[in-house]
Amino acid sequence: KNQVEQSPQSLIILEGKNCTLQCNYTVSPFSNLRWYKQDTGRGPVSLTIMTFSENTKSNGRYTATLDADTKQSSLHITASQLSDSASYICVVSSYGNKLVFGAGTILRVKS
Amino acid sequence: NAGVTQTPKFRILKIGQSMTLQCTQDMNHNYMYWYRQDPGMGLKLIYYSVGAGITDKGEVPNGYNVSRSTTEDFPLRLELAAPSQTSVYFCASSYSRAGGKETQYFGPGTRLLVL
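Residues numbered from 1 in each chain as written. Chains lettered and ligands numbered in written order. Predicted model: local features only at pLDDT ≥ 70, side-chain atom pairs only at ≥ 80, totals over all residues. Heavy atoms only, no water.

### Observations regarding the packing of aromatic side chains
Taken as a whole and assessed by the stated rule, the structure comprises eight aromatic pairs over all chains. Each ring, one from A:Tyr25 and one from A:Phe30, has its centre 5.3 Å from the other, and the planes form 25 degrees; the classification is stacked. Since its relative accessible area comes to 13%, A:Phe30 is described here as buried. For the pair A:Tyr36 and B:Phe106, a centre-to-centre distance of 5.6 Å together with 90 degrees between the ring planes defines the contact as edge-to-face. Pair noted here: A:Tyr36 is in strand 4 (residues 32-38) and B:Phe106 is in strand 10 (residues 105-106), and the two residues belong to different chains. Accessibility classification places A:Tyr36 together with B:Phe106 in one group, the buried group. (Phe/Tyr/Trp six-rings, centres within 6.5 Å; stacked < 30°, edge-to-face > 60°. Buried < 20%, exposed > 50% of the residue type's maximum accessible area, 1.4 Å probe, protein only. Helix = DSSP H or I, 4+ residues; strand = E, 2+ residues; numbered from the N terminus.)

### Looking at the nonpolar core
Membership of the largest hydrophobic core comes to 25 residues, with the highest contact counts inside it found for A:Val4, A:Tyr25, A:Leu33, A:Trp35, A:Leu75, A:Tyr88 and A:Val92. Non-local contacts of A:Tyr25, meaning those with residues more than four positions away in its chain, are made with A:Gln3, A:Val4, A:Phe30, A:Leu33, A:Leu66, A:Asp67, A:Ala68, A:Lys71, A:Gln72 and A:Val92. If you look at the next biggest cluster of nonpolar residues, it comprises 19 residues, including B:Leu21, B:Tyr64, B:Leu76 and B:Leu112. (Core = buried A, V, L, I, M, F, W, Y, C linked by side-chain atoms within 4.5 Å. Contact = heavy atoms within 4.5 Å.)

### Focus on the side chain of B:Ser49
Residues and elements named next belong to chain B. Relative to the helices and strands, Ser49 is located in strand 5 (residues 44-51). In this structure Ser49 comes out as buried when scored by relative accessible area, which is 0%. Residues contacting Ser49, with those up to four places away along its chain left out, are Asn30, Tyr31, Met32, Ile54, Thr55, Arg68 and Phe74.

Below, the structure written as structure tokens:
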């Protein structure tokens, strides 16, 4: 069964600290993996998209990694800010229009 | 560009009532999608469209209908609302298929409560 599992479910960190969110998937065949940021009450916004051949991609303070062999991805946030408080969603796409969404990790950054 | 817009933002329905959730995009995207997001769950695809006049079922289409008469608009119709349809509904669009590297752009969502 195609699944995307994210951990932890929620996380609280102090402003300025780093954190890493995890994503494990069983989707096959694999096309690409995306990370989205979803602010409360808003739609998801794309952060990164990685294909099979890409094992790291950065977007400002966000760095995503992909290990296609172990079917794992991580999203590292550097020097967190209060505005980073959001849900972070891992999405794995198969060919065609098939996207499998993870349930998300809720991040809260405290001052 | 306004991007993807959705109306209404919030709606309460009684069981058995009908309503249409509106979605419009101004990016000239061919592909449009409807998702629902339930608490603690990943987004589930309801219906999608690859262009005007063409629609197809997603993962959870039962209880919903769609139409795509123009490139810009992709309304979602609930005919007989049920409590199980209480959810947040997101419309999204992309230039080409979602399985490719194209970014999907999401609307702000419609929160629906069926009582």
